Amino acid sequence: MMPISDTFERTMLGLEAGFRVSHIAALDLKVCAPDVSVSSVLSDPGLLDFDHIPVKEGSRIVGMLHRESAKGSGSVGDLMRPLDGEMLVSAEEPLPRFLPTLAESESPFRLVVQGTKIEGIVTLSDVAKLPVRVLAFTSVAHLEAVITKAIRSDCLDDDEKWLALIVEKRRGIEERVDKRRKQNIHLLSPIDVAYLSEKITVVSKLRGLTGLENNRQLITDFRNSLAHDGDFVTECKGISGLLERLRLVEGWINKFKQDGSSLDNLNA
């Protein structure tokens, strides 16, 4: 059987290879011309839902009109932002590399280049789409698996040792174990039915990880927002909050690995 560490590594590599900017971009561009008035563009019913409107002259995209900054009279060409390299991203750019650049840039959008042509646009609102949710949820699942391994390693499969650290939660865990046994679901250990928040508390006490315990609610709320249908980006208070949580999760994964709690040979 392939070790869990290899499974996660392959999973993350596969997600990075599989989820690209093109998977969250809007490929049906709504455009305007540079020689029309700004007022007519901003009042166009077909463009009311768009804050960033590409400006097209002939067959070429030449700039971007920002609804918030395009105040006053004049033509689109007068008030648009001319096209520059910071506005562009390849359709094949992996999402894990792209998302931080979108949050850190002054431009909350990118025009998506497919081959040699601009074929679409990606904005902050597109971050709420399924591929980003899957990437983020996988990272939290990875952290939970690493924490579980650390508890098993520290307690040498002595369930009493870690259960004693969460006495107030013990009965609930035992009830979950009994329920699964009645369903003929065989478990390696009660740790398999412990909730993520319970595992964080246990491993924090075992290793004196005050910082992790302090982040317990943030991490579990993050996982729950990803697991349930809803706007997880808004629940994270925007893309910056989402990336902050992803960095937090990845940071703790790396911490456990550096401390010798990687998932290598877990199934050996």
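As shown above, the structure is provided for reference.
Predicted model, so just to flag it, every value in this text is computed and none were measured. (Residues numbered from 1 in each chain as written. Predicted model: local features only at pLDDT ≥ 70, side-chain atom pairs only at ≥ 80, totals over all residues. Heavy atoms only, no water.)

Soluble globular proteins tend to bury their nonpolar side chains together. Counting residues in hydrophobic clusters, the biggest one holds 51 residues, and the most contacted among them are Trp162, Leu212, Phe222, Leu242 and Phe256. Residue assignment for this core shows that the elements contributing at least two residues are α4 (95–104), α5 (130–155), α6 (159–163), α7 (167–182), α8 (196–207), α10 (216–227), α11 (232–235) and α12 (239–258). In terms of residues, this core owes the most to one element, α5, which gives 10 residues. If near-sequence neighbours (up to four positions away) are discounted, Leu242 is found in contact with Val127, Val132, Phe222, Phe232, Val233 and Cys236. Among the nonpolar cores identified, the runner-up in size contains 12 residues, and Val38, Val41, Leu47 and Val62 belong to it. (Core = buried A, V, L, I, M, F, W, Y, C linked by side-chain atoms within 4.5 Å. Buried < 20%, exposed > 50% of the residue type's maximum accessible area, 1.4 Å probe, protein only. Helix = DSSP H or I, 4+ residues; strand = E, 2+ residues; numbered from the N terminus. Contact = heavy atoms within 4.5 Å.)

Here the focus is the sheet that holds strand β5 (residues 109–114). Reading across the sheet, the three strands line up as β4-β5-β6 and stay open at both edges, with mixed pairing between neighbours. Two strands lie at the open edges of the sheet, namely β4 (88–90) and β6 (117–123), each paired on one side alone. When strand polarity is set aside, the average angle formed by the axes of neighbouring strands in this sheet is 40°. One ladder, built from three bridges, connects β4 with β5; its direction is parallel. Note that in β5 the partner of Ser90 across the bridge is Val113. Across the sheet, α4 lies against β4, β5 and β6, angled at about 140° from β5, the strand it touches most. (Pairing = 2+ DSSP bridges. Axes fitted to C-alpha atoms, helices over the stretch in contact; angles between N-to-C directions.)

Spatial strand order, β1-β2-β3: three strands in an open sheet with antiparallel pairing. The strands lining the two open edges of the sheet, one partner per strand, are β1 (52–57) and β3 (81–82). Bridge analysis of strand β2 (residues 60–66) against β3 gives two bridges, and the strand direction is antiparallel. Each residue of the ladder has a partner; that of Met64, found in β3, is Arg81.

What follows covers the pairing of β5. Working note: regular strand, side chains alternate between the two faces of the sheet. Summarising burial for β5: five of the six residues are buried, a large majority. With α4 bridging β4 and the parallel β5, this β-α-β connection has right-handed handedness. In this structure, β5 lies alongside β6, joined through six bridges in antiparallel fashion. Its bridge partner lying in β6, Arg110 is registered against Val122. (Right-handed = clockwise from strand over helix to strand, strands pointing away.)

Considering the arrangement of structural elements, one finds Thr123 in strand β6. Look at Thr123 and you get buried, because its relative accessible area is 16%. A polar contact of 2.9 Å, which involves the side chain of Thr123, links it to the side chain of Ser125. Those residues within four positions of Thr123 in sequence are excluded, and the remaining contacts are His52, Leu102, Pro108 and Phe109. (Polar contact = N/O pair within 3.5 Å; in protein donor to acceptor, adjacent residues only side chain to side chain.)

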